[in-house]
Amino acid sequence: MCIAAGGWKLTEVYIDGEKDIASDLSQYRLTLTSPSPATDTTSSFSRIQVSGKTDSGNWSIKNNNTILQLIPSDASKEEWIIESLTPRKLVLIIHRDTSIKEGPSTIEFVLEPY
């Protein structure tokens, strides 16, 4: 969890494989607080969405370090596939069931530290 902890800014978004060039990504920030003690498996996060809306909650790494789980305080759950994670780049992918919810089926976030 320690390598993922820190502040991340959104630099690129891909929607169903196509780069999204229409959205202003400059507001988006995701801050993953380091767990304390370091052996904890859950910690807190705060986020500013592209829209400027803010939320916060808890985060953890699941499924043998392949899933970043965000649980905002509204009790919804987001499970992002960790495509890659280095100290300089985090790539997250979410797959959505478009048979029950309209919109894109795959969203990919490319984030860098801020």
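Heads up: the structure comes first, above all this text.
Residues numbered from 1 in each chain as written. Predicted model: local features only at pLDDT ≥ 70, side-chain atom pairs only at ≥ 80, totals over all residues. Heavy atoms only, no water.

Some words on the overall build of the protein
The line we're drawing: Segments assigned H or I by DSSP are reported as helices when at least four residues long, segments assigned E as strands when at least two residues long, and all are numbered from the N terminus. For this measure, only C-alpha atoms enter the radius of gyration; the expected value for a globule follows 2.2 Å times N^0.38, where N is the number of residues. When a residue's accessible area, from a 1.4 Å probe over protein chains only, is under 20% of the maximum for its type it is buried; when over 50% it is exposed; and in between it is partly exposed. In this description, contact between two residues means that some pair of their heavy atoms is separated by no more than 4.5 Å. Each accessible area is a Shrake-Rupley estimate made with a 1.4 Å probe; only the visible protein chains count as cover when residues are assessed. Note that His is not counted, nor are the chain ends; the positive residues are Lys and Arg, and the negative ones are Asp and Glu. Every charge is mapped onto a representative atom, which is NZ of Lys, CZ of Arg, CG of Asp or CD of Glu.
Tallying secondary structure elements over the protein gives zero helices and nine strands in all. Here the protein has a C-alpha radius of gyration of 14 Å; the compact-globule value for 114 residues is 13 Å, and the two agree. Its C-alpha atoms give the protein principal-axis dimensions of about 40 × 30 × 25 Å. Counting only residues that meet the buried cut, the protein has 32% of its 114 residues in that class. Across the protein, the fraction of contacts at a sequence separation of at least 24, relative to all contacts at a separation of at least 6, is 38%. Of the roughly 6800 Å² that the protein leaves accessible, carbon and sulfur atoms contribute 49%. Between the centroid of the 11 positive side chains of the protein and the centroid of its 15 negative side chains there is a distance of 5 Å.

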